[in-house]
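Breakdown of the fold
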Amino acid sequence: MPTSEDGGRHDSPELDQFEMVRRAPSHRLQGAVTDMCGFRETMPSHFRAIEYASLTVPLVISFAEPFAIGLGRNPSDNDRFASFAAGLYAGPVVIESFGGACCVQINFTPLGARRFFGRPMSELTDRMVGLDDVLGVEGIALRERLGNAPDWSSRFTISEAFVGDRLVSADRTQAEMVWAYETIISTRGRTRISTLAEKLGWSRKHLTGKFSDAVGTGPKTLSRIVRFNHALGLSRQTNSDWADIAADCGYADQAHLVREFRDLAGVTPTTVAAR
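So, here's what we can say about the structure. (Residues numbered from 1 in each chain as written. Predicted model: local features only at pLDDT ≥ 70, side-chain atom pairs only at ≥ 80, totals over all residues. Heavy atoms only, no water.)

Looking at the packing of helix α1 (residues 110-117) against helix α3 (residues 152-169)
The contact between α1 and α3 brings their axes to 8 Å, and the two run at 80 degrees. In terms of orientation, α1 and α3 fall into the roughly perpendicular class. Contact residues: Gly112, Arg115, Phe116 and Phe117 in α1; Phe162, Val163, Arg166 and Leu167 in α3. Here the contact of α1 with α3 is built from residues that sort into five nonpolar, one polar and two charged. (Axes fitted to C-alpha atoms, helices over the stretch in contact; angles between N-to-C directions. Helix = DSSP H or I, 4+ residues; strand = E, 2+ residues; numbered from the N terminus. Parallel < 35°, antiparallel > 145°, perpendicular 65-115°, else oblique. Contact = heavy atoms within 4.5 Å. Nonpolar A, V, L, I, M, F, W, Y, C, P; charged D, E, K, R; others polar.)

This is how it looks when you write it as structure tokens:
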């Protein structure tokens, strides 16, 4: 991808139907933000995308037409969202737009989102929550500043400063939760929940409650999403075999992997591989 002067990455889709610019987080935001994206549609059309279950918590700040978004289904006319935050969802997300969208999207890690929003992440799980509900008048002012900014570079700079300032004043994540979360990530979702609880000296119920607050899901659901994404990554490598992938990712068998793909991607593994 070509790179802009501000360090963003510009994607150039076919027919120039939309513009997408990405910027990696500065050192100040690392660990809390994975990246920021500027998105603008440049001609009337009907776009449709499906996002599989992931560990991304997006904050979308829109200056134009809303998106139509359905969790695990096609969106209806009542499923229109402009500026919003969305928590983790263990399933596919269907997103449609109609040629007039323009927005900045800030992608948080779950623990980073907990610090930034300053609220239990369970309040965002399986939901799209309006910008004014998650950030109040600060969010409204931010949207106005971003909408009036002259270019993507300026918008990213404003966004970085806003996120960074909130993170500086936020409470630190409990060390035990950081360890438990990172253990699930580093073991690719194959750590037993009972083992985590035992090493922390917590009951499974207490551990699940802590995860619900800090991440938005219990450790079991988080592990499923991590395992699925590892399998998804392996499937995109050359000469991948689904039976081997199932074994490598800790699934009981290939049928188990297929069921997980249906739940978390909405389609079979072979359909995912063909896209």
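Side note on the packing of aromatic side chains
Per the stated rule, a full pass over the model turns up twelve aromatic pairs. Look at phenylalanine 108 and phenylalanine 117: their rings are 5.8 Å apart centre to centre, the planes differ by 55 degrees, and that puts the pair in the tilted class. Residues phenylalanine 108 and phenylalanine 117 agree in their burial class; the two are buried. In this structure an aromatic cluster arises from ring pairing among Phe18, Phe39, Phe47 and Phe67. Between arginine 155 and the ring centre of tryptophan 152, over which it is positioned, the NZ or CZ distance is 4.8 Å. Its end group placed over the ring of phenylalanine 116, arginine 166 keeps NZ or CZ at 4.9 Å from the ring centre. (Phe/Tyr/Trp six-rings, centres within 6.5 Å; stacked < 30°, edge-to-face > 60°. Buried < 20%, exposed > 50% of the residue type's maximum accessible area, 1.4 Å probe, protein only. Lys NZ or Arg CZ within 6 Å of the ring centre and 35° of its normal.)

Considerations on the side chain of glutamate 96
Within the fold, glutamate 96 resides in strand β9 (residues 93-97). A relative accessible area of 11% places glutamate 96 in the buried class. Among the polar contacts made by the side chain of glutamate 96, one reaches the side chain of arginine 48 at a distance of 3.4 Å. (Polar contact = N/O pair within 3.5 Å; in protein donor to acceptor, adjacent residues only side chain to side chain.)

Quick word on the packing of helix α4 (residues 175-186) against helix α7 (residues 219-235)
Think of two packed helices as two axes; the pair is described by the angle between the axes and how far apart they sit. With their axes 9 Å apart at the nearest point, α4 and α7 run at an angle of 30 degrees to one another. Taken together, the axes of α4 and α7 are roughly parallel relative to one another. Note that α4 runs across α7; the crossing there is right-handed. On α7, the residues that touch Tyr181, Ile184 and Ile185 of α4 are Pro219, Leu222, Ser223 and Val226. When grouped by side-chain class, the residues that make up the contact of α4 with α7 number six nonpolar, one polar and no charged. (Left-handed = near helix turned anticlockwise from the far one by under 90°.)

Let's talk about the nonpolar core
Core analysis: the largest hydrophobic core is formed by 48 residues, its most contacted members being Leu59, Phe108, Phe116 and Phe117. Discounting residues that sit within four places of it in the chain, leucine 59 has contacts with Phe84, Ala85, Val104, Gln105, Ile106, Phe108, Phe116, Phe117, Leu131 and Leu135. Listed in part, the 18 residues of the second largest apolar core include Ile245, Ala246, Cys249 and Leu264. (Core = buried A, V, L, I, M, F, W, Y, C linked by side-chain atoms within 4.5 Å.)

Here we look at α7
For α7, built from 17 residues, the straight-helix expectation of 24 Å at 1.5 Å per residue is met to within 8% by its first-to-last C-alpha distance of 24 Å. Here α7 lies mainly inside the structure; twelve of its 17 residues are buried. Residues of α7 that are buried: Pro219, Leu222, Ser223, Ile225, Val226, Arg227, Phe228, His230, Ala231, Leu232, Leu234 and Ser235. Check the buried side of α7 and you find it contacts α4, α5 (193-200), α6 (204-214), α8 (242-248), α9 (254-265) and α10 (269-274). (Expected span 1.5 Å × (residues − 1).)

Some details on α3
For α3, which comprises 18 residues, the first-to-last C-alpha distance of 26 Å matches the rise-based estimate of 26 Å (1.5 Å per residue) to within 8%. Buried within α3 we find Trp152, Arg155, Phe156, Ile158, Ser159, Glu160, Phe162, Val163, Gly164, Arg166 and Leu167. Check the buried side of α3 and you find it contacts β2 (18-23), β3 (33-41), β10 (102-108), α1 and α2 (131-148). Between the side-chain oxygen of the N-cap and the backbone nitrogen of serine 153 there are 3.4 Å, and the N-cap of α3 in question is aspartate 151.

Some remarks on unusual backbone geometry
A negative phi holds for most residues other than glycine; trans holds for most peptide bonds. In this structure, aspartate 126 is a non-glycine residue whose phi angle is positive, near 60 degrees. Within the secondary structure, aspartate 126 is located in the loop between α1 and β11 (128-130). Overall, aspartate 126 belongs to the partly exposed group, its relative accessible area being 42%. Although it is not a glycine, arginine 188 sits at a positive phi angle of roughly 55 degrees. In this structure, arginine 188 sits in the loop between α4 and α5. By relative accessible area, arginine 188 is classed as partly exposed at 46%.

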